[in-house]
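Observations on the model geometry
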Amino acid sequence: MSPDTIALVEAINGLKQSGSLIKTYLLPFIQTLFATCIGFVIASYTFRKQEAVKADAKKMMDTNKFIIQIDSAFQSLIAFKSKYKDKTEHDPIKRTMIFGVINMEFAEISGVEELMFLAKGNKSSEGEPYYRSWNNLPRISGMVSNYKYLVKRVESRNELRMRFESSLSYDSEGNKAFNIASLNLEQWKILLELINENEIILNLADGLILEMHSFLLGITEAIKNSINIKKLLHLVTLVTINTNNEYITRELEPISPPDYSKLGVLL
């Protein structure tokens, strides 16, 4: 056998051994690496999907807490309105003096920042301004701010009421005597401030009752516009508040207005 032939045979045998090494070591390694990469991709996708579901579930739980707070505040306002609704006079002075210091607990509201996700569903509908939707965060923030402002005005009115009462003298039977004709300048000043506070509170309360009622009716749709809640039913259930009853419907009606001609003269 010639040297060239021997060299060719050795080269062929070397290729066979090399192919055997590829099959024995390299191909299993490549297969394992490929399977690992595929598994990593699938695991990463599943993990991200699970984390996204958990994040949406937390949003729902935070929203549930907020809905319960709004309902508590709504019930506070209904209870507040029931104290004066049937006693309201048209005369501004009688209207102010007919009920005294407002002693009641107003529910607290917090957590508006947890509703940022609602902005995702803030899309305008044909014939309806975008700001009418409860996906509109400034509307929710405004409702909460006005509620907190109302609570402060009630406190301010209580202080004025107590100041006014303390300035009155007692009659022969030991009761506070309220006689318009006998009021001095300082008493008139306090009374006018009290009348102003009274009208601000009554109007704010009426507006907030309507706004919170609208929120409780519309928040479910707003959430559905931003989150696929069907995927979360195994983790959390959306709170819904039933406001469809005759008592609440009656309280949605605004109180009778004051005599604006008299009010204009006084203020």
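In case you missed it, the structure is sitting above this.
Anyway, here's the lowdown on the structure attached to this text. Since the structure is predicted, the reported quantities are computational estimates derived from the model, not experimental observations.

Let us now look at the overall build of the protein. For the protein, the helix and strand inventory stands at 6 helices and 0 strands. In the protein, the succession of helices and strands from N to C terminus is α-α-α-α-α-α. Relative to its 267 residues, the protein shows a buried fraction of 35%. Pairs at least 24 apart in sequence give 81% of the contacts found in the protein among residues at least 6 apart. With an accessible surface of roughly 16,600 Å², the protein has 57% of that area assigned to carbon and sulfur atoms.

Bringing the pattern of salt bridges into the picture now. Scanning all chains against the criterion turns up 7 salt bridges. Arg139 is the partner of Glu211 in a salt bridge, and the nearest nitrogen-oxygen pair spans 2.9 Å. Here Glu211, found in helix H4 (residues 185-224), pairs with Arg139, found in helix H3 (residues 137-167); they are 72 residues apart in sequence, far enough to count as distant. We classify Glu211 as partly exposed; its relative accessible area is 22%. Residue classification places Arg139 among the buried positions, given a relative accessible area of 14%. A salt bridge links Glu186 to Arg163, with the nearest nitrogen and oxygen atoms 3.9 Å apart. Separated by 23 residues along the polypeptide, Glu186 in helix H4 and Arg163 in helix H3 bring together distant segments of the chain. Residue class for Glu186 comes out partly exposed when judged on its relative accessible area of 43%. Under the relative-accessibility criterion, Arg163 is labelled partly exposed at 40%.

What follows is about the nonpolar core. One finds Phe66, Ile70, Leu118, Ile140, Tyr147, Met212 and Phe215 to be the most contacted residues of the largest nonpolar core, which totals 47 residues. Of all the elements in the fold, those that place two or more residues in this core are helix H1 (3-82), H3 and H4. Excluding its chain neighbours within four sequence positions, the residues that come into contact with Leu118 are Trp134, Asn135, Leu137, Ile140, Ile219, Ala222, Ile223 and Ser226. Core analysis: the next-biggest nonpolar cluster, separate from the first, contains 10 residues, Leu160, Phe164, Leu168 and Leu194 among them.

For Val101, the position within the fold is in the loop between helix H2 (92-97) and H3. Each C-alpha atom of the pair Val101 and Arg161 lies 6.4 Å from the other, and the pair is 60 residues apart in sequence. Among residues more than four places away in sequence, those in contact with Val101 are Arg157, Asn158, Arg161 and Met162.

Topologically, His213 is positioned in helix H4. Residue class for His213 comes out buried when judged on its relative accessible area of 13%. For His213, the residues in contact, after removing those within four places along its chain, are Phe74, Thr243, Ile248 and Leu252.

Here is what the cut-offs are and how they apply
- Residues numbered from 1 in each chain as written.
- Predicted model: local features only at pLDDT ≥ 70, side-chain atom pairs only at ≥ 80, totals over all residues.
- Heavy atoms only, no water.
- Helix = DSSP H or I, 4+ residues; strand = E, 2+ residues; numbered from the N terminus.
- Buried < 20%, exposed > 50% of the residue type's maximum accessible area, 1.4 Å probe, protein only.
- Contact = heavy atoms within 4.5 Å.
- Areas by Shrake-Rupley, 256 points an atom, 1.4 Å probe, with all protein chains shown as cover.
- Salt bridge = Lys/Arg side-chain N within 4 Å of Asp/Glu carboxyl O.
- Core = buried A, V, L, I, M, F, W, Y, C linked by side-chain atoms within 4.5 Å.

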